[in-house]
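Letter by letter, the chains look like this.
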Amino acid sequence: MRVAIEARNLSRWYGNVLGISEINLEINPGITALLGPNGAGKSTFMKILTGQLKANIGEARIFGEKVWNNTHIFRHLGFCPEDDAFYEDLSGFEFLCGLLSLYGYSQAEARGRARQALDLVELSDVGGRQVRSYSRGMRQRIKIAQAIAHDPDVLILDEPLSGLDPLSKRRIIKVIKEFKNAGKTIVVSSHILPEVEALTSEIILIHQGKIIARGDIYFIRDLIDTHPHMIRIKSPQFRQLAKSMASEDYLLKMAFEPENQAVVFETHDRDRFFNRLNELLLSSPLVIDEITSPDDNLQAVFDYLVGK
Amino acid sequence: MFFLLSSASVLLAVIIRGYQLAGHWTESGQIIFQNILMVFFLQFLIVILSLFYGTSLVTEELEGKTLPYLTSRPVSRAEIIIGKYLASLALTSIMLVSTVLISYLILNIDRDFRLKDLWTVARYSLVLWLGLAAYLSFFTFLSTWLSKPILLGLAFGFGWENVIQYFPGTTQKLSVVHYLKSLLPQYTAASGRLSFLFIRLEPTRDWLSVLILILITAIFLALAALLFSFKEYLMQD
């Protein structure tokens, strides 16, 4: 199989701050997820892969070619940056056409590809509207559209699902999977495990600039499941909810936040916890306003994995 | 905003023309336009337009975090910066040339107006355009070099460029405005109310002035392209 992405001894630091350190890996076609807490080095790695940053040591290659200042390789590369940044005064369609014109397409072809990309991300109906009027989900989708509009072979997506509502997430996951089915190489970063699970089983764990594990999702889940998870549920009936869950043997701890009408559960078996929660919701008139998994949970898991 | 600023000369020309027609302003349209040219266009408008467009070429992309959209495309970084420079030059040229032409016509169209007068305004426009291209190139270079280029740009455009031209001898040749004024030799003699602004000019020959302005443009644009090609730009949160 042709190796799409290679990193050899890749290191990068910002002054005294380490970005990534001695990363060695090969990535083949399919979806590969970079999972790590905020500040782990995911974005630095992706910026090096897309020629935004230079490595201090080592090198990154795509299809065997160095990336930095290699305009040829950018023809095969699509990049969706993490920042929610746009040329706000342009319409979604103009934004795509403008960027596509940098590939040397004729005006007609650029317009055709822009329309196709808008279709793929289901934004055709709002393509004529200024980007500044888009919702968060639409902005994320137009960002993905600019990355896929030229039909690249390698797609680098930095936190593409961040801050999206479930429907938008589903749409984006669908697009990414369609790309995978076309034999492309996709690298996705995230700091939220369930997001990654919905996308792929191939995961690279990155922490403090180093790759600490690589494997399929089940291997990673086994590692992670040995560490307790925190789940915060906001509900007007939070006390009743806590009472119903209290007898479960996989529950390690509960903490109340009466001022927020919330309860925080700690469990070492996330799957059984959510199965039980589903049963409760179906069998009783419980109302749930919000379910969150505090971000520092993953940080704690990573600290645990690296033996801190 | 810059379109409005450029239009200020048109408004000024309309007001002066009104006074002129009412018999309150005795100087000819040519002399009045020369004064507007030297003070407003030459020493203010082309500097401010090139300063704000030039210094924002890279910093705007950095502050808006949109730079990766450009630098992850199959065009070289040098092409990106030159393309952005040319786009800004085209836009500012339209603002400049249209307002020069309209202001000139407002002040000079009368029974004595001849088509050959348009040659004069074409010459003015060309000189101003050369200045615009040179300043824009310098400020583009500052934009690729510094994270906050506007302060140095202001100091250069409205400090150095204004002060240095009053120095005698070769010192005044270390400014862009010296070569621009040298290309308007008929106005170096004392004429008009604001003639004190250029009485010390020791003009350089026309062909040499044009050559130096072209060289300034080419050198700073090449430096900007080179720097932009090899420098990393970190976007801060």
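These figures come from a predicted structure and were not determined experimentally. (Residues numbered from 1 in each chain as written. Chains lettered and ligands numbered in written order. Predicted model: local features only at pLDDT ≥ 70, side-chain atom pairs only at ≥ 80, totals over all residues. Heavy atoms only, no water.)

### Section: empty space enclosed by the protein
How we decide: Cavities and pockets were defined on a 1 Å grid built over protein atoms only: a cavity is a set of grid points that admits a 1.4 Å probe from which the probe cannot escape, a pocket is an open set flanked by protein on both sides within 12 Å along at least five of seven lines, and lining residues are those with an atom within 4 Å of any such point. Grid points are joined across faces, edges and corners, and a volume is the space filled by probe spheres set on the points. Under the convention adopted here, Pro, Cys and the residues Ala, Val, Leu, Ile, Met, Phe, Trp and Tyr are nonpolar, Asp, Glu, Lys and Arg are charged, and Gly plus all remaining residues are polar. What counts as a helix is a DSSP run of H or I of at least four residues, what counts as a strand is a run of E of at least two, and both are numbered from the N terminus.
Counting across every chain of the model gives three cavities of 30 Å³ or more. Within this model, the largest cavity holds a volume of roughly 50 Å³. As for the largest cavity, its lining consists of Lys-47, Phe-79, Pro-81, Glu-82, Asp-83 and Asp-158 of chain A together with Pro-68 and Met-235 of chain B. A class-by-class count of the residues in the lining of the largest cavity yields four nonpolar, no polar and four charged. Reported here for the second largest cavity is a volume of approximately 40 Å³. What lines the second largest cavity is simply Asn-69, Thr-71 and Phe-74 of chain A together with Thr-71, Val-75, Ser-76, Arg-77 and Ile-80 of chain B. Broken down by secondary-structure element, the contributors of at least two residues to the lining of the second largest cavity are α2 (71-74) of chain A together with α4 (77-108) of chain B. Here the residues of the lining of the second largest cavity are counted per class, giving three nonpolar, four polar and one charged.

### With respect to the domain arrangement of chain A
Put simply, the rule is: For every domain, the bounds stem from an assignment made automatically or drawn from a database.
Considered domain by domain, chain A is made up of domain 1 (5-223) and domain 2 (226-305). Here domain 1 of chain A and domain 2 of chain A have C-alpha centroids that lie 32 Å from each other.

### Some details on the side chain of Arg-77 of chain B
The following threshold applies: Three exposure classes are used, based on accessible area relative to the maximum for each residue type with a 1.4 Å probe and protein chains only: buried under 20%, partly exposed in between, and exposed over 50%. Counting rule applied: Lys, Arg positive; Asp, Glu negative; His and chain ends not counted. By convention in these notes, a salt bridge is any Lys or Arg side-chain nitrogen within 4 Å of a carboxyl oxygen on Asp or Glu. Pairs of N or O atoms are called polar contacts if they sit within 3.5 Å, as long as, within protein, a hydrogen donor faces a hydrogen acceptor (for residues adjacent in sequence, only side-chain-to-side-chain pairs).
One can find Arg-77 of chain B in helix α4. One buried charged residue, Arg-77 of chain B, remains without a salt bridge, the closest side chain of opposite sign being Glu-232 of chain B at 7.8 Å. From its side chain, Arg-77 of chain B meets the backbone oxygen of Gly-51 of chain A in a polar contact 3.2 Å long. Here Lys-231 of chain B takes part through its backbone oxygen, which lies 3.5 Å from a polar atom of the side chain of Arg-77 of chain B.

### A closer look at unusual backbone geometry
Residue and element names in this part refer to chain A. If you check the backbone angles, Glu-22 has positive phi at about 45° while not being a glycine. Among the secondary structure elements, Glu-22 is positioned in strand β2 (residues 17-27). For Asp-151, which is not glycine, the phi torsion reads 55° and is therefore positive. By the secondary structure assignment, Asp-151 is in the loop between α5 (136-148) and β7 (154-158). Relative accessible area serves as the criterion here: at 44%, Asp-151 is assigned to the partly exposed category.

### Quick notes on the pattern of salt bridges
Pairing of side chains with opposite charge becomes possible as their charged atoms draw close. Residue and element names in this part refer to chain A. Counted by the stated rule, this structure contains 25 salt bridges over all chains. When the shortest N-O distance is used, the salt bridge between Lys-66 and Glu-59 registers 3.6 Å. For Glu-59, a relative accessible area of 24% corresponds to the partly exposed category. Lys-169 is the salt-bridge partner of Glu-195, the closest N and O atoms lying 3.5 Å from each other. Placement of the pair is Glu-195 in helix α7 (residues 193-199) and Lys-169 in helix α6 (residues 166-181), with a sequence separation of 26 residues. Using a relative accessible area of 6% as the deciding quantity, one classes Glu-195 as buried. Each member of the salt-bridge network shares a partner with another, and the members are Glu-6, Arg-8 and Glu-26.

### Considerations on the environment of Gly-54 of chain B
Residue and element names in this part refer to chain B. Definition in use: Any two residues whose heavy atoms approach within 4.5 Å are treated as being in contact.
Note on placement: Gly-54 falls in helix α2 (residues 29-63). Gly-54 gets classed as buried once you look at its relative accessible area, which sits at 0%. Residues Gly-54 and Thr-144, spaced 90 residues apart in sequence, show a C-alpha to C-alpha distance of 9.6 Å. Aside from chain neighbours lying at most four places away, what touches Gly-54 is Leu-49, Leu-136, Phe-139, Thr-140 and Ser-143.

### Examining the interface of chain B and chain A
It is common to give the size of an interface as the accessible area that goes away when the parts come together. Our working definition: Buried area, as used here, totals the accessible surface that two parts lose on assembly, with accessibility defined by a 1.4 Å probe and the loss added over both.
Of the residues lining the interface, 20 residues belong to chain B; the matching set on chain A comes to 26 residues. Summed over both partners, the interface of chain B with chain A buries about 2100 Å², with 55% contributed by carbon and sulfur atoms. On the chain B side of the contact with chain A, Tyr-69, Arg-73 and Pro-74 of chain B bury the most area, a combined 35% of that side's loss. Between the two partners, chain B and chain A, sit two salt bridges. Between Asp-83 of chain A and Lys-65 of chain B there is a salt bridge; the shortest N-O distance is 3.9 Å. Seen at the junction of chain B and chain A, the total is 10 residue pairs in polar contact (both at pLDDT 80 or more).

### Some words on the sheet that holds strand β9 (residues 202-207) of chain A
All names here are of chain A. For the record, the criterion: Paired strands, as defined in this entry, are two strands with at least two bridges between them according to DSSP. Fitted lines through C-alpha atoms give the axes, limited to the stretch in contact for helices. The angle between two N-to-C directions lies from 0 to 180 degrees.
Pairing within the open sheet is mixed, and its six strands lie in the order β6-β7-β8-β3-β9-β10. Two strands close off the open sheet at either side, each with one partner strand: β6 (77-80) and β10 (210-216). Looking at each pair of strands side by side, their axes are set apart by 15° on average, direction ignored. Of the pairings in the sheet, the one linking β7 to strand β8 (residues 185-190) comprises five bridges and is parallel in character. When the bridges of β8 are listed, Val-154 appears paired with Thr-185. Taken strand by strand, α6 contacts β3 (30-35), β7 and β8, and its axis lies near 130° from that of β3.

### Notes on the pairing of strand β4 (residues 57-62) of chain A
Residue and element names in this part refer to chain A. One ladder, built from five bridges, connects strand β1 (residues 5-14) with β4; its direction is antiparallel. Each bridged residue has a counterpart across the sheet, and for Ala-7 the counterpart in β4 is Ala-60. Both β4 and strand β5 (residues 65-66) contribute to a ladder of two bridges, which runs antiparallel. Paired with Arg-61 across the two strands is Lys-66, which belongs to β5. In textbook terms, the turn of a hairpin is the stretch between consecutive antiparallel strands, and for β4 and β5 this stretch comprises two residues, one of which, Phe-63, has a positive phi near 50°.

### What to know about a nonpolar patch on the surface
Applicable threshold: Like charges within 9 Å and nonpolar side chains (Val, Leu, Ile, Met, Phe, Trp, Tyr) within 5 Å are joined into patches, using only residues over 30% in relative accessible area that form no salt bridge. All accessible-area figures derive from a Shrake-Rupley calculation using a 1.4 Å probe, and residue coverage is judged against the displayed protein chains alone.
On the surface, Trp-207, Leu-211, Leu-215, Ile-219 and Leu-223 of chain B cluster together into a nonpolar patch covering about 470 Å² of accessible area. A relative accessible area of 51% means that Trp-207 of chain B is categorised as exposed.

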